[in-house]
Amino acid sequence: MTKLVLLATLISAYPVMAQAPATPARPNGNRLFDQSCTTCHGNANVERAPAPAVLRGMTPEKIYEALTTGAMQVQAKDLADDAKRAIAEYLGDRKLGAALVAGSKLMPNQCAANPALADISSKPAWNGWSMDLANTRFQSQKDAGLNANQVAKLKLKWAFGLPGATSVYSEPSAVGGRVFVAADTGFVYSLNAADGCVYWSFQAQSGVRTAITVAPLRNRPNTSAAYFGDLKGNVYAVDARTGAQLWKVAADTHPLARITAAPKLNGNRLYVPVSSMEENAGSSLNYSCCTFRGSVVALDADTGQQIWKSYTIVDQPKPTRKNSKGTQLWGPAGAGVWSTPTIDVKRNAIYIATGDSYATPYANTTDAIIALDLNTGKVRWTMQATPNDAWIVGCGPNNRSENCPETVGPDYDFGGSPILQSLPNGRSILVAGQKSGIIWALDPDRNGAVLWKTQIAKNPTSELPNAIRTPTDGEFVWGGAADNRNVFFGMNSGGLVAVQLTTGERTWFTPLEPSAAGKRRGHGGAVAAASGVVFSGGWDGTLRALSSEDGSLLWEYDTVKDFQTVNGVTAKGGSMGAPGPTVAEGMLFAGSGYLGFGGGLPGNVLLAFSVE
C-alpha cells in the first residue's frame, strides 16, 4: 500500500477530520461537558470521579474511548457520537484522531534530503510573531523581496494541506529556507520554503496556535531549536532540523492555562506569555470561578529551566462568595497575556499587554500595558486603559450566569502585542490597539505616560477620524504593524486603518466588505507590512494587499476554495481570523482556516505565493 493510499484510508476512518465541514456549526464541547458530566466530575462528594483538571491531562482519544467503549459508556449512552467527540476534543484541546492522519511520514512529498538550516543570522527571515524584538511586523524591501509595485504579480506557488485541521492556528515562520507552521491538531510541520516538501512533523500534547521561533542553541554546536507553546500551557523546544524534542516544560500549573501567543527569544532567554480559557469556563455554576492569573515566564532557552515568573495580578485569589449550587467563587483573577511580549534592549525592559478581569475584586493591571524589568521580571510601570472591567462568557444581558461579577465590564482586552518604534525626533513610542477601538501611544521614557490616544470610528463610512464607537465590536484584536511613519491595524468591524505615529491622526481608512454574501465581515487578525504595502487576511477568507501610502487595494486572493496540495491532502481555505500573513525573500505565506469565537469558516491549508 502506498503512503498516499494509506493516508486516504486512515483519513476515511476519521471523516470529521479529513474534510472541513461546509458550515462551522459543531456541538459545543464545553457546554456539553457542563450539562452532562459535572454532576460527578468536579463534585467533591463523588470521590471516584476524576476532577476536570485530571481529565484535561488526558488525550482526546482516551476520553473518547472511555465514553464509547470504556468506563463511561453507560453514563454516556444517551449522547450522540458527535457530542462525545466534542467533549473529548474540548478536554483534550486538540482534534480527535490527529495522531493517525497528520504525521509527516504518511505524506508523499518527503524532502529528498534534510540539510542544515541556512544561516539564520544573515539570511532574511520572518522568525516568530515578528522578525524583530520590537514587534513592528514590518519587513524592509531587502528582506521582504516585495514592494507595492510587485504585489499585483503575486501568484500561488504551492499549497500544503494540514491533515485533520479545521483551524490553521499558527502564523507561518519563514526561517533558514524553511517554513514552520502548526494547527489545532497539535502538529507542527517543517517545510521547504521553495516547494513545500515536508522535512518533519512533531505532535504536541494539544493544539498549537503560536508562531514558531527558531534560534541556534548555545550549548549544542550546529543545532538550532524551534520554540512554541500549546493549549495545555506547555512550552517546547525541538531540533529545528529533525523535529526531535529537546525539552518540554509547563509554564503554569493551572488546568486551564494555555500559551496563545508566541514566546519571544532574546539572548539565551525565552519569554513566555501565559493566558487561559477560564474566561470561557467560568460561567458554569459547577466551576469554582475564578483562580487564574496571567503571567510571563522567563526560561533558559537551552534547558527550559525557569529563571523568573511575573504574575500580572500580584494578589493571590481568595474566596469571595458562593453561588446557588454552593460552589465557592474566587477573586481577583484574569489579566491573561494573549500576545507576544515586546523586548526593549535599550531600556532593559519587556512590555506586555493584558486582558480583562474574570472576577472581582478588580486589579489595576487588567486591560493594561505593563513594563517589566528584563532581568528580574519586576514591574516598572503600568498603564491601565480600562479600570473595573470584569467579564466572563455567559454575562450577556439575556443569559446572565450567577458567576458573573455584579457589574459586568465591556471586555476591552489588549489582544495584540505592543509595538515599539522610533519617531523622527529620536524619541521612542509604544503603540497598542485595544478592543475598545482605541489606539494608545505611550512614552517608555516617562513610565508609560500617554502621548496620544485615538478612537477610530466604528462606522466604515464615517469621515470622523476620532468618532466614538459603540462597545459592541472588538475593534483591534490580534495586532498591528508599523513602518517609520504610520501604524496599521485591521478592524474587526471591517476595514484597515493607518494612523500617524507622531500625532495619532488618521492617515487613511479603507472599508473592506466580505467577498461574498453571507460571509463574516471584519479584519480582526494581525496584519503585516513591507515596503509600501500592508497585508491582511479577513474573516471572509480573502487575503488582501493595500498600499501603505493611501490604503488603495493592490491585490486580493480568495482562499475559500479547494486546493491541489503538494502533499496530496484534501484541503480547503477558510477564514483568517487571528494569525497574520508573513513575508520574506520574495514570498508571501498565509494559513487559511479559523473558527475562533463568534464563528468563522474552517480550513486546513498553508498557501505560499511568489511573484510570477
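Refer to the structure printed above.
None of the values given here were measured: they were computed from a predicted structure.

1. Digging into the overall build of the protein
Here's step 1: Along its length, the protein carries nine helices and 39 strands.
Here's step 2: Sorting the 612 residues of the protein into buried and exposed places 61% on the buried side.
Here's step 3: Sequence-distant contacts in the protein: of pairs separated by 6 or more residues, those separated by 24 or more amount to 58%.
Here's step 4: By element, 51% of the accessible surface of the protein is carried by carbon and sulfur atoms, the whole surface being about 22900 Å².

2. Considering unusual backbone geometry
Working note: non-glycine residues mostly have negative phi, and peptide bonds are mostly trans.
Here's step 1: Looking along the chain, the bond that leaves Cys-289 and enters Cys-290 is cis, with omega of 0°.
Here's step 2: Turning to its location among the elements, Cys-290 is positioned in the loop between helix H9 (278-281) and strand E13 (295-300).
Here's step 3: Cis geometry is adopted by the peptide bond preceding Pro-361, which originates at Thr-360 and carries an omega value of 5°.
Here's step 4: You will see that Ala-335, though not glycine, has its phi angle at about 55°, which is positive.
Here's step 5: In this model, Asn-447 sits at a positive phi of 55°, which is unusual for a non-glycine residue.
Here's step 6: Along the polypeptide, Asn-447 turns up in the loop between strand E25 (438-443) and strand E26 (449-455).
Here's step 7: We classify Asn-447 as exposed; its relative accessible area is 55%.

3. Observations regarding the side chain of Ser-417
Here's step 1: Within the secondary structure layout, Ser-417 lies in the loop between strand E22 (379-384) and strand E23 (419-422).
Here's step 2: Accessibility expressed as a relative area gives 7% for Ser-417, which makes it buried.
Here's step 3: Engagement of the side chain of Ser-417 in a polar contact is seen with the backbone oxygen of Thr-340, the distance being 2.7 Å.
Here's step 4: When residues no more than four places from it in sequence are discounted, the contact partners of Ser-417 are Trp-129, Asn-135, Ser-339, Thr-340, Thr-342 and Val-431.

4. Observations concerning the packing of aromatic side chains
Aromatic ring pairs are described here by two measures, namely the spacing of the ring centres and the angle between the planes.
Here's step 1: Tallying each qualifying case throughout the model produces 19 aromatic pairs.
Here's step 2: With a centroid separation of 6.5 Å and 20° between ring planes, the pair formed by Phe-292 and Tyr-358 is classed as stacked. One end of the pair, Phe-292, is in the loop between H9 and E13; the other, Tyr-358, is in strand E20 (residues 357-359), and 66 residues separate them in sequence.
Here's step 3: Taking relative accessible area as the criterion, Tyr-358 reaches 1% and is therefore assigned buried.
Here's step 4: For the pair Tyr-557 and Phe-609, a centre-to-centre distance of 4.9 Å together with 75° between the ring planes defines the contact as edge-to-face. Taken together, the positions of Tyr-557 in strand E34 (residues 553-558) and Phe-609 in strand E39 (residues 605-611) put the pair 52 residues apart, joining distant regions of the chain.
Here's step 5: For Tyr-557, a relative accessible area of 16% gives the class buried.
Here's step 6: One aromatic cluster in this structure is built from Phe-160, Phe-187 and Tyr-189.
Here's step 7: In this structure, Arg-209 is placed above the aromatic ring of Tyr-169, and the distance from its NZ or CZ to the ring centre is 5.0 Å.
Here's step 8: For the cation-ring pair, Arg-520 lies above Trp-539, with the distance from its terminal atom to the ring centre recorded as 3.6 Å.

5. A few points about empty space enclosed by the protein
Here's step 1: Under the counting rule described, the total for this entry stands at three cavities of 30 Å³ or more.
Here's step 2: As a volume, the largest cavity reaches approximately 130 Å³.
Here's step 3: What lines the largest cavity is a set of 15 residues, among which Trp-129, Arg-209, Thr-260, Ala-261 and Trp-478 lie closest to the centre.
Here's step 4: Of the residues in the lining of the largest cavity, the class split is nine nonpolar, four polar and two charged.
Here's step 5: Each pocket or cavity is described by its volume, and for the second largest cavity that value is around 40 Å³.
Here's step 6: Lining the second largest cavity, in full, are Pro-172, Gly-537, Met-576, Pro-579, Gly-580, Pro-581, Ala-590 and Gly-591.
Here's step 7: Across the lining of the second largest cavity, the residue classes break down as five nonpolar, three polar and no charged.

6. What about the state of the cysteines?
One way to say it: the disulfide is the covalent bond shared by the sulfur atoms of two cysteines.
Here's step 1: Applying the stated criterion across every chain yields a total of three disulfides.
Here's step 2: Cysteine pairing in the protein follows 1-2, 3-4, 5-6, where each cysteine in a disulfide is numbered by its order in the sequence.

7. Comments concerning the nonpolar core
Here's step 1: Within the largest apolar cluster, 58 residues are counted, with the highest numbers of intra-cluster contacts made by Ile-87, Tyr-227, Val-235, Leu-270 and Val-272.
Here's step 2: Looking at this core, the elements with two or more residues in it are helix H3 (29-36), helix H5 (60-68), helix H6 (81-92), strand E7 (224-229), strand E8 (234-239), strand E12 (269-276), E13 and E20.
Here's step 3: Here the element with the most residues in this core is H6; it accounts for six residues.
Here's step 4: What Ile-87 contacts, discounting residues up to four positions off in sequence, is Gly-29, Leu-32, Phe-33, Cys-37, Leu-67 and Leu-79.

8. Side note on the side chain of Asn-135
Here's step 1: Of note, Asn-135 is situated in the loop between helix H7 (98-101) and helix H8 (141-144).
Here's step 2: A distance of 3.0 Å separates a polar side-chain atom of Asn-135 from the backbone oxygen of Pro-341.
Here's step 3: Leaving out residues up to four positions away in the same chain, Asn-135 has contacts with Trp-129, Ser-130, Lys-264, Thr-340, Pro-341, Thr-342, Ser-417, Pro-418 and Ile-419.

9. Topic: the pattern of salt bridges
Here's step 1: Applying the stated criterion across every chain, the model contains 16 salt bridges.
Here's step 2: With a closest N to O distance of 2.9 Å, Glu-171 and Arg-137 form a salt bridge. You can see Glu-171 sitting in the loop between strand E1 (154-161) and strand E2 (173-175) and its partner Arg-137 sitting in the loop between H7 and H8, a full 34 residues away along the chain.
Here's step 3: What makes Arg-137 buried here is its relative accessible area of 1%.

10. Some words on H3
Here's step 1: All of the buried residues along H3 are Gly-29, Asn-30, Leu-32 and Phe-33. Seen from one end, H3 has its buried residues packed into an arc of 165°, which puts them on one side.
Here's step 2: A side-chain oxygen of the first residue of H3 lies 3.1 Å from the backbone nitrogen of Asn-30; this N-cap is Asn-28.

11. What about the environment of Asn-364?
Here's step 1: With respect to the secondary-structure elements, Asn-364 resides in the loop between E20 and strand E21 (368-373).
Here's step 2: When the C-alpha positions of Asn-364 and Ala-335 are compared, they lie 9.7 Å apart, and in sequence the two are 29 residues distant.
Here's step 3: Contact partners of Asn-364, with chain neighbours within four places excluded, come to Thr-382 and Gln-384.

The rules behind each value
Residues numbered from 1 in each chain as written. Predicted model: local features only at pLDDT ≥ 70, side-chain atom pairs only at ≥ 80, totals over all residues. Heavy atoms only, no water. Helix = DSSP H or I, 4+ residues; strand = E, 2+ residues; numbered from the N terminus. Buried < 20%, exposed > 50% of the residue type's maximum accessible area, 1.4 Å probe, protein only. Contact = heavy atoms within 4.5 Å. Areas by Shrake-Rupley, 256 points an atom, 1.4 Å probe, with all protein chains shown as cover. Polar contact = N/O pair within 3.5 Å; in protein donor to acceptor, adjacent residues only side chain to side chain. Phe/Tyr/Trp six-rings, centres within 6.5 Å; stacked < 30°, edge-to-face > 60°. Lys NZ or Arg CZ within 6 Å of the ring centre and 35° of its normal. 1 Å grid on protein atoms, 1.4 Å probe; cavity = no way out; pocket = protein on both sides within 12 Å on 5 of 7 lines; lining within 4 Å. Points joined across faces, edges and corners; volume = space filled by probe spheres on them. Nonpolar A, V, L, I, M, F, W, Y, C, P; charged D, E, K, R; others polar. Disulfide = S-S within 2.5 Å. Core = buried A, V, L, I, M, F, W, Y, C linked by side-chain atoms within 4.5 Å. Salt bridge = Lys/Arg side-chain N within 4 Å of Asp/Glu carboxyl O. Arc of directions from axis to C-beta.

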